[in-house]
Every structure is written in C-alpha cells, then in structure tokens.
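Residues per chain are reported as follows:
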Amino acid sequence: MSGESNCTRTSPSAGSPSDNEFLLDRPKYVCTLSPDLVTKAREELQEKPEWRLRDVQALRDMVCKDYPSLGTCLDDAFLLRFLRARKFDYDRALQLLVNYHTCRRTWPEVFSNLKPSAIKPVLESGFVTVLPHRDPQGRHVVCIRPDRWTPSNYPITENIRAIYLTLEKLIQSEETQVNGIVILADYKGVSLSKASHFGPFVAKKVIGILQDGFPIRIKAVNIINEPRIFKGIFAIIKPFLKEKIANRFFLHGCDLNSLHQNIPPVILPEEYGGSAGKLDISAWNELLLASEEDFLHDFSELVLPCDSSPHDLLVSGDADEKQCDDSLRGMKPQLYYCY
C-alpha cells in the first residue's frame, strides 16, 4: 500500500473511465491478472476491466465524502481489494473498508506494533504457514496448527497477529484477490486448557474480522484431527457465522481420504498424506520476514472519523452482540461436556 489519505481530488467524469482524473502522485494501477483470471473476475466478481478505474474512483469519492478522516490509503490497487471482496458493490465495499480500519483501531493487543519481526516466535513455532503450491483453483492453502502453540510462551493474540499478517501478505496478490484462499487447520493434540484461551471475546473478534473486516475470500476451511472438544466449540460459534461461511467448513476428523477430496494430495505435505515432501515452514517465514519494510510503510497510525465512534462504524453483526455474549457464556460447560 502506498499513497496518501488526503481526500483532495477531482470529481469523476460522467463519461468514459478514461475521462477520470487522478492525483498525479498516485501510483498508476497496472493489472497483473491473466486473461483467464480477468474472465473469472468478470463472471464471479462482476469486475469489468473497462469500468474498473471508474469503480475505484467512485469508491474513493465515497470515502472522501462520508469518511474524510478515515486515514486510509486511496491507491487504485488498495481500493480494488475491497471492491473485489464485495463483488463491486460500492456500499458494501465502503463498509468493509471502514470495518477493516475500525477492527485495527479497537483491538490494540493485536494491531499495535504489527510487523513480521514482532511475531517471529510464532512463525518459528510453525503455528501458521502457507503451503508452497496452490490448489487446482489457484488458491493458496493457509495451514494452521494450534498444537504448535505453548500458551506459557505468549498469549493467543500473538497467533492472531501472525494469521493477520499472513493474510495481509497473501492479499497483495491480485490472483489471490480473485481466487481466494483455503484454510487447513490441524487440531491434533489440542487440549481443553488450550481451547479455553479461545474465549467469547476472542471468538467474536476473530469472526468479525474474517467475515466483515478483511478483504479476502475464504473459499473453504478444512478441519482435520479435531478432538471431540472442537465440535462443541463449533456448535456454539456456528450460529454467528454467515450461512455462506458456515457451509464452507469441512470437518474431516482423522480421515485423510476425506481431506483429499477437498485438497489434492499432490500439493499436500507428507504429514497429511500428500506427495509434496515434508512440511517446510522456512520458505514462507523468510518471505514474510523479508516484507518488514512494506508492513512498516503500510501500517501507519489510523485515524477514525471525528464524528463517529469505533462502535458506530462496525454495523455488521452489532445488533446481535448481546445475544452472542449471552450464548458464548455457556461455552466452558459445553467444552467440558464434549471433552
């Protein structure tokens, strides 16, 4: 991300996209999508190359009019992430952008000093990594292994920081913006004491970010080696997931054949019955740590609109907040029952 949050701009012309005028110092967008991905984006995301810059300018104007102090990047490439994540619906893209910034302002334990070097211990533990090969649909596979976390070493928020930075790095790719990602979560060895760290507050925050506060398309969540305790957790969380996301969860247990129906063995490491060699976390760690300067530039301090509170900006799901809190209070007894 680069560019200024300054909303000084010229108004878009009502004519063709080529008539739009942009600030001279704003980086010019250059599409890196292959012809096939351009076609996919048109069919799945309602993205029309001939209208792309017009759509970006429309979103930019909405930000400047409705949230002039948001403190967001206004570059074409950055705003495109939000348009693609909401299928070029201007209003929904704007709300996603506002939520994105609000999430980062209202959870300082996660978003303060957020940079790769700060979460190096998490990366070295192998808690989260990205498999080296994409799946047949061109999607990266994010591998999460909670058993690699030792709670006495650092709080659960450090794991969330590592996942967030991983998603930020992945979403820089236009290919990922169009294809989305797949998550593979291995819950082998997760105990009741470790699961208890994922309480109501953390659960609600993480769900809010993934559903309404980050411009990425999560196409599938594959859970493997989950203990009985996970079914209790998922039963409680599921009502607060959007139906589309909830339907993308697949619980495989210890059945590798079931996993292979969703993720082909050719891209999986040997640990999951694949033929891609041993799981190697070093390549992804090196890539993420090498992006330190990019993140230092991107994650500057954010400013909320002076006439809005953080609570006002997060509209999606807030109406059910009390219901969510009340329901999640029953999590611990149910965890013991499932365990």
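Figured I'd write up the structure that's included with this text.

Thresholds applied
- Residues numbered from 1 in each chain as written.
- Predicted model: local features only at pLDDT ≥ 70, side-chain atom pairs only at ≥ 80, totals over all residues.
- Heavy atoms only, no water.
- Helix = DSSP H or I, 4+ residues; strand = E, 2+ residues; numbered from the N terminus.
- Salt bridge = Lys/Arg side-chain N within 4 Å of Asp/Glu carboxyl O.
- Buried < 20%, exposed > 50% of the residue type's maximum accessible area, 1.4 Å probe, protein only.
- Polar contact = N/O pair within 3.5 Å; in protein donor to acceptor, adjacent residues only side chain to side chain.
- Core = buried A, V, L, I, M, F, W, Y, C linked by side-chain atoms within 4.5 Å.
- Domains from an automatic or database assignment.
- Contact = heavy atoms within 4.5 Å.
- 1 Å grid on protein atoms, 1.4 Å probe; cavity = no way out; pocket = protein on both sides within 12 Å on 5 of 7 lines; lining within 4 Å.
- Points joined across faces, edges and corners; volume = space filled by probe spheres on them.
- Nonpolar A, V, L, I, M, F, W, Y, C, P; charged D, E, K, R; others polar.

## Remarks on unusual backbone geometry
Piece 1. Positive phi values are uncommon outside glycine, yet Gln46 reaches one of about 60 degrees.
Piece 2. Along the chain, Gln46 falls in the loop between helix H1 (35–45) and helix H2 (52–66).
Piece 3. The backbone phi angle of Asn225 is positive, close to 60 degrees, even though this residue is not glycine.
Piece 4. The topology assignment puts Asn225 in the loop between strand E4 (218–224) and helix H11 (228–237).

## Examining the pattern of salt bridges
Piece 1. Counting across every chain of the model gives 13 salt bridges.
Piece 2. Residue Glu174 is joined to Arg84 by a salt bridge in which the shortest nitrogen-to-oxygen separation is 2.9 Å. With Glu174 in helix H8 (residues 174–179) and Arg84 in helix H3 (residues 76–85), this residue pair connects regions lying 90 residues apart in the sequence. You'll find Glu174 and Arg84 in the same group, each marked buried.

## Description of the environment of Leu192
Piece 1. Note on placement: Leu192 falls in helix H9 (residues 192–195).
Piece 2. For Leu192, a relative accessible area of 13% translates into the label buried.
Piece 3. Each C-alpha atom, one on Leu192 and one on Pro227, is 9.6 Å from the other, the two residues being 35 residues apart in sequence.

## With respect to the side chain of Asp212
Piece 1. As for its position among the elements, Asp212 is in helix H10 (residues 200–212).
Piece 2. A relative accessible area of 10% places Asp212 in the buried class.
Piece 3. Side chain to side chain, Asp212 and Lys242 meet in a polar contact 2.7 Å long.

## Comments concerning the nonpolar core
Piece 1. By size, the foremost hydrophobic cluster in this structure holds 73 residues, and its most contacted members are Val142, Ile181 and Phe214.
Piece 2. The element contributing the most residues to this core is helix H7 (residues 156–171), with eight residues.
Piece 3. Composition of this core by domain shows at least three residues from each of domain 1 (35–106) and domain 2 (113–292).
Piece 4. Beyond its immediate stretch of four places on either side in the chain, Phe214 contacts Leu96, Tyr100, Tyr164, Leu167, Glu168, Ile171 and Ile209.

## Describing empty space enclosed by the protein
Piece 1. Going through the model one piece at a time under the given rule, you end up with two cavities of 30 Å³ or more.
Piece 2. Considering the residues around the largest cavity, the lining is formed by 36 residues, among which Ile163, Tyr187, Phe198, Val206 and Leu210 are closest to the centre.
Piece 3. Put simply, the parts of the chain that give the lining of the largest cavity at least two residues each are strand E2 (140–144), H7, strand E3 (181–186), H9, H10, E4 and H11.
Piece 4. The greatest single-element share of the lining of the largest cavity, amounting to six residues, is contributed by H7.
Piece 5. Residues of the lining of the largest cavity, tallied by class, amount to 33 nonpolar, two polar and one charged.

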